[in-house]
Every structure is written in C-alpha cells, then in structure tokens.
Amino acid sequence: MPLTKLVPDAFGVVTICLVLLLILLGLLCIVYSFYFQSHVRKQGFLHLGYFSGPWIIRITFILFAIWWSIGEILRLSLFRRHRRLLSGLDLRWQENVCKWYIVSNLGFAEPCLLLTLMFLLRAPLKMESGALSGKWNRNTACYIVLYCLPMFALQLAVVLFEPRLNGGSGSYVKLPHNFTRTYSRVIIDHEDEVVALCTYPLLSTVILGVFAAVLTAYLFCLGRQILKLVINKRLQKRVYTLIFSVSCFLPLRIIILCLSVLTKADKIVFEALSFLAFFSLFCLSVVSICLLVYFPVSDSMALRGLRDVDEDDRTVTEERSGALLLGPQTDDSLSLRGRRDSRSSSQERYVELSLFLEAEN
C-alpha cells in the first residue's frame, strides 16, 4: 500500500518543530556560556574561573546535538514529495542523501554526542584545580574525534560495501537486504511517483548498539563514583536523572531502530518507529544539555556575589546553587560545610563536574 500523505507529514512537522526547539535551546545555552565566560575573564570573578574550564566542550556537545538534529530532518519523507525540497533530486541523489545520513548521524554525530557526554562527566573526577584549561579542551576534543573514528569507519564500510555484503558481484558474504539497505524505493501519494525513503540498516544499528552498550555500562561504573561525591540532594537528583535518561532513552532508541527493519518504509508503522527513535535521543539531548550546560552555568552565575557576602549567607547560597567551595580546612570551614575530610587539600579550590561535584585528591 502506498504511503498516505497525512500521517508522515504530521510526523515530519512535529519532528521539525522539535528540532527547532532543540536548536533554539542549544543556541541560548551557547550564548549563556559566552556570557558567563565574559564575566569570568573581564569582570574579575576569578573565584569562578574553575567552573568555566570545560566551556568549549560544553559548546561542542551542543553543536553535535544540532548536527544530529539537522540530519534527522533530511531523512524525512516529508521533503521527498512532489514539489518539495528533495523532490527535485533524482533517485540516485535521494539514495546518496540516505547513505550520508547513516554515516553522518549513526557513524559520527551520535557517537560524538555520547562520547562528549562521558568526557564532561569523567574528566573533573581525575583533574586537580585549574586542570580544565584550554589545553584540556583541545585534548578532549581530539580524543572525542579519535574514539569516534572506528564507529565512523564501520558505518562507512556498511554503506560503501553494501553490494558486496548482500550477494552482489564480488560479494564477501550474502546477508539479508535489511542488514545493509540504507534506502527503499517506494510509491507515494498514489501518483506513481517513485522516491527513495531512508531506512536503518540492521548491521549499522547493531554496531551502534554495541557502542551504546559499552558507554552505558561505563556510565553505571562512573555513576557509582559520582554518587559518592554528591554534596546535596539537588545534585543527587541531577545525577540520577542523567543516569536514568542515558540508560533508558539510549537502549530504547536502539531497540526501536532494530524493530524498524520488520516493516516496510512505506508503512505508517515505520514512520511511527522512526519518530519514536528520534524522540528518544531528542529527550536525552535536551536533558543532557540542561544538566551539563545550562544548570552548571546558571549555578555559577548565582555564585558571582560570594566574595561580597558573609559566611552564613555564602553557605546558604552554595547549598541553593548546588556548588561547593572547598576552602582551607580549618575548624571554621569544616563546621560551615559539615564535612571533616583530613585528606582534602589545604589550598582553596573549586571542583566542578558539570553538575558541580566534589573531586577526590
């Protein structure tokens, strides 16, 4: 049965609206980060210098999310109908767009997004005060790209060697078409118009699933370390929210993508599954941007006046903002913070885990 117009158009419009919301949120957080950075550098808030350390990686995280969301728009069947954006392209070019989508999103944008999230969580656990410098940002960006290269190469291989993986000339092995097919030629709108709709190769989904499983397992190990360092209930809720989001939305997306191979691309069920897969990672991206970018910057901005208030007010402000200032370990500072840790450094330092967690020496 040819794909009817109403349902895929509705999914497409909702997808575009959600993408625009994600882009708007991302741009606002980028502007907010630059605003905070300008306060740290130009207006003398040196006591907030540590919190601004990973600002480049935070922005990089947002850019990867925007990249992924734009790719999700290009895969929509909404733009392949008569007199629409991609309808002017011949079938070969429409097929190439679908291949580019698999390599770009499943091979680069999504893995980099997840890797950046892990680096934002992990790095401050091992860093001393002031370590999150420009050099740290550059090295982290290089590591993210480097660790993503195997995923990119595997997804590129699935796309380039598709004929040789499904029994074509010079084939290495004969796999079912669902394992390697990146597109499906279908008739839409009852007008005998043939278009190429993007599909999700099962082999590509399995590769992404293995990658996601490894990162999720690592997140649980990392989460155990993080929860030991949480300084108040507000931070505890943020950590639990982030762990829950990654461990639920990411596996859900992989399962939905696997199920999508059981139906044809011109069926409403496929459109629904594709939208749910998109919505899963969309929710994860929004939650991560809020927890790893917006809230840390917002909490830091709330600490701008700490140098001008007395110690009692400072303690209240730190508790409300979710940030902790580890000062010299005197009896007064220990009583103000209710912590007695003889291993803590005697030098005043700020420790930030994007969620503002206390790091170990």
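**Description of the environment of alanine 153**
- Tracing the sequence through the fold places alanine 153 in helix H4 (residues 134–160).
- Judged by its relative accessible area of 43%, alanine 153 falls in the partly exposed class.
- In sequence terms alanine 153 and glycine 107 are 46 residues apart; their C-alpha atoms lie 7.6 Å from each other.

**A short note on the pattern of salt bridges**
- Throughout the structure, instances matching the rule amount to four salt bridges.
- Put simply, glutamate 95 and arginine 185 hold a salt bridge, and the shortest N to O gap is 2.6 Å. Placement of the pair is glutamate 95 in helix H3 (residues 91–126) and arginine 185 in strand E1 (residues 183–188), with a sequence separation of 90 residues.
- A relative accessible area of 4% places glutamate 95 in the buried class.
- Members of the salt-bridge network, linked through shared partners, are Glu72, Arg75, Glu110 and Arg253.

**What to know about the environment of glycine 107**
- Secondary-structure assignment places glycine 107 in helix H3.
- Placed 49 residues apart in sequence, glycine 107 and leucine 156 show a C-alpha to C-alpha distance of 7.4 Å.

**Things to note about the packing of aromatic side chains**
- Taken as a whole and judged by the stated rule, the model has 15 aromatic pairs.
- In this structure an aromatic cluster arises from ring pairing among Phe11, Trp68, Phe275, Phe278, Phe279 and Phe282.

**Re the state of the cysteines**
- Per the counting criterion, the structure on display carries one disulfide.
- Two residues, cysteine 98 and cysteine 198, share a disulfide whose sulfurs are 2.2 Å apart. As the torsion about the S-S bond is roughly -90 degrees, the cysteine 98-cysteine 198 disulfide counts as left-handed. Of this pair, cysteine 98 sits in helix H3 while cysteine 198 is found in strand E2 (residues 193–198), placing the two residues 100 residues apart along the sequence. A single burial state applies to cysteine 98 and to cysteine 198, both of which are buried.

**What about the packing of helix H7 (residues 202–229) against helix H8 (residues 233–259)?**
- Running from N to C, H7 and H8 cross one another at 165 degrees; their axes reach a closest spacing of 10 Å. The angle between the axes of H7 and H8 places the two elements in the roughly antiparallel class. Both H7 and H8 take part in a crossing whose hand is left-handed. Within the contact between the two elements, H7 uses Leu202, Thr205, Leu208, Gly209, Ala212, Thr216, Leu219, Phe220, Gly223, Ile226 and Leu227 and H8 uses Gln236, Val239, Tyr240, Ile243, Val246, Ser247, Leu250, Ile254, Leu257 and Cys258.
- Class assignment for the residues of the contact of H7 with H8 results in 15 nonpolar, six polar and no charged.

Thresholds, definitions, all that
- Residues numbered from 1 in each chain as written.
- Predicted model: local features only at pLDDT ≥ 70, side-chain atom pairs only at ≥ 80, totals over all residues.
- Heavy atoms only, no water.
- Helix = DSSP H or I, 4+ residues; strand = E, 2+ residues; numbered from the N terminus.
- Buried < 20%, exposed > 50% of the residue type's maximum accessible area, 1.4 Å probe, protein only.
- Salt bridge = Lys/Arg side-chain N within 4 Å of Asp/Glu carboxyl O.
- Phe/Tyr/Trp six-rings, centres within 6.5 Å; stacked < 30°, edge-to-face > 60°.
- Disulfide = S-S within 2.5 Å.
- Axes fitted to C-alpha atoms, helices over the stretch in contact; angles between N-to-C directions.
- Parallel < 35°, antiparallel > 145°, perpendicular 65-115°, else oblique.
- Left-handed = near helix turned anticlockwise from the far one by under 90°.
- Contact = heavy atoms within 4.5 Å.
- Nonpolar A, V, L, I, M, F, W, Y, C, P; charged D, E, K, R; others polar.

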